[in-house]
Amino acid sequence: MHMRNSKMPKKILKTMTALAASLVLFGCTSNGEDVAGGGGIIGGSSSGGSSGGLSNDGSTPTNITQGGTPVTGNFICTQGAKAYGNVTTQVGSNGLVGGLLTALLNLLGATTVTQLLNSVSNPDNVIDGNLDTYASVSLTLGLLGGLLDSVDESVVLPSGATVPAGKFAVYGLTFPKGAVSLSLLSQVKVATYLNDSTGTSKLQESNTLDQNAIALLGTIGGSTPPAVFVGVKTTKAYDRATVSLTPGLLSVNVGDAMRIHELCTDGDLVTAP
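Just so it is clear, the structure is predicted and the values come from calculations on it, not from any experiment.

Engineer: Looking at this model, I keep getting lost on the overall build of the chain. Mind explaining?
Structural biologist: Looking only at helices and strands, the chain has 5 helices and 14 strands in total. Within the span of the chain, comprising 273 residues, buried residues form 48% of the whole. Pairs at least 24 apart in sequence give 80% of the contacts found in the chain among residues at least 6 apart. Carbon together with sulfur atoms contributes 53% to the accessible area of the chain, which is approximately 11,600 Å² in total.

Engineer: Just to check I follow, could you spell out the nonpolar core for this structure?
Structural biologist: Among soluble globular proteins, nonpolar side chains are generally buried collectively. Tyr171, Leu173, Val188, Met258 and Ile260 are the most contacted members of the largest nonpolar core, which has 45 residues in total. Each residue touching Ile260, except ones within four places of it in the same chain, is listed here: Val126, Thr133, Tyr134, Ala135, Val137, Glu153, Tyr171, Gly172, Leu173 and Val243. Formed by 11 residues, the second largest nonpolar core is a distinct cluster that contains Ile41, Ile64, Cys77 and Ala227.

Engineer: Honestly, helix α3 (residues 110-117) in this entry has me stumped. Any pointers?
Structural biologist: Given 3.6 residues per turn, any residue in an α-helix points the same way as the ones three and four places further on. Taken as a whole, α3 has its buried residues at Thr112, Val113 and Leu116. Down the axis, α3 shows its buried residues gathered within 105° of arc, on one side only.

Engineer: How should the confidence of the model for the chain be read in this particular structure?
Structural biologist: If pLDDT is low for a region, its predicted coordinates should not be looked at in detail. Per-residue confidence for the chain gives a mean pLDDT of 82; residues scoring 70 or more make up 77%. Predicted confidence in the chain is weakest over helix α1 (residues 10-27), with a mean pLDDT of 42, and strongest over strand β3 (residues 69-70), with 98. Predicted confidence is poor over residues 1-30, with pLDDT under 50, and the contacts of this stretch with residues over four places away or in other chains come to 44 contacts. When the criterion is pLDDT under 50, residues 47-51 qualifies, and its contacts beyond four places in sequence or with other chains add up to 9 contacts.

Engineer: In this structure, what is going on with unusual backbone geometry? I would like to understand it.
Structural biologist: The phi angle of most residues is negative, glycine excepted, and most peptide bonds adopt the trans form. Positive phi is not limited to glycine here, since Asn94 has a value of about 60°. Relative to the helices and strands, Asn94 is located in the loop between β5 (88-92) and α2 (98-106). In the Ramachandran plot, Asn122 falls in the positive-phi region, its phi being about 50° despite a non-glycine side chain. Along the polypeptide, Asn122 turns up in the loop between β6 (120-121) and β7 (135-139).

Engineer: Got a minute to help me understand the environment of Ala191 in this structure?
Structural biologist: Looking at where Ala191 falls in the secondary structure, it is placed in strand β10 (residues 185-195). Separated by 12 residues in the primary sequence, Ala191 and Leu203 place their C-alpha atoms 7.2 Å from one another. If we ignore the near neighbours within four places in the chain, the residues touching Ala191 are Leu203, Glu205, Ser206, Arg240, Ala241 and Thr242.

Engineer: What exactly am I supposed to notice about the pairing of strand β11 (residues 201-210) here?
Structural biologist: Along any regular strand the residues' side chains alternate between the sheet's two faces. Across 9 bridges, β10 lies against β11 in antiparallel orientation. Paired with Leu194 across the strands is Lys202, a residue of β11. In this structure, the hairpin formed by β10 and β11 is closed by a connection of 5 residues, where Gly199 is found at a positive phi of approximately 85°.

Engineer: Before we go on, may I ask you to explain the side chain of Glu262 in this structure?
Structural biologist: Inspection of the secondary structure puts Glu262 in strand β14 (residues 254-270). Among buried charged residues, Glu262 stands out as having no salt bridge; its nearest opposite-charge side chain is Lys82, 9.6 Å away. Only 3.5 Å separates the side chain of Glu262 from the backbone nitrogen of Asn130, close enough to count as a polar contact. What Glu262 contacts, discounting residues up to four positions off in sequence, is Ile41, Gly80, Asn125, Val126, Ile127, Asp128, Gly129, Asn130, Leu131, Val170, Tyr171 and Gly172.

Parameters and conventions
Residues numbered from 1 in each chain as written. Predicted model: local features only at pLDDT ≥ 70, side-chain atom pairs only at ≥ 80, totals over all residues. Heavy atoms only, no water. Helix = DSSP H or I, 4+ residues; strand = E, 2+ residues; numbered from the N terminus. Buried < 20%, exposed > 50% of the residue type's maximum accessible area, 1.4 Å probe, protein only. Contact = heavy atoms within 4.5 Å. Areas by Shrake-Rupley, 256 points an atom, 1.4 Å probe, with all protein chains shown as cover. Core = buried A, V, L, I, M, F, W, Y, C linked by side-chain atoms within 4.5 Å. Arc of directions from axis to C-beta. pLDDT = per-residue confidence, 0-100. Pairing = 2+ DSSP bridges. Lys, Arg positive; Asp, Glu negative; His and termini not counted. Salt bridge = Lys/Arg side-chain N within 4 Å of Asp/Glu carboxyl O. Polar contact = N/O pair within 3.5 Å; in protein donor to acceptor, adjacent residues only side chain to side chain.

As structure tokens, this is what we get:
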């Protein structure tokens, strides 16, 4: 895409810059309330009730890698991100947050900024320590494609805090059956990042759930929505964990494409019951 910003009126450019900056500084950053306390985890119904089908008893399908190799066992979430202090959430795209996201959004204008901000509802539910709540990701016609590839939610640790190697960056997710059965979702990616000495966010590790794996979830769980714990058992420390949804189709609106229940920073791997 060729953008000729130099020919835009300065007033328009100034307005676009302000809107994009507000998305990063205000619209996408918020504090979570840890209802469990101290990073502990509550909720996780095995009957599908208010949790929407995300069980925390070792029966939920699991896709976790360690150093790029799949681990054995099903995940049980025991700790959330609030164990590391005053964590925040940010909505973004292409794995970007902060200034880099602002620079990208400056090229796209006010409509794209608003659509991206509205693509994740209740973002703080992923850091409240409660598996029965969730943030909901929607896909808006015309938002993605071109310069934006995905809708992301990031959990950002406070300055100076890191989750050490040997812990987890695992998101508990559920999907409406329609989104899975119609192959509307191309991939879900969980990635960890760490700021270096210059303040640049560097990719640490990642794990991708592709369309075939997502479709397979639709055959599990009976009447409850497909569910999965996906992420990494870390071999490197991180201070940000991002879950990204990339759609398989760019020509549809999907009001509820993916539900993000929690970022788990620690847990157990058990044999499936």
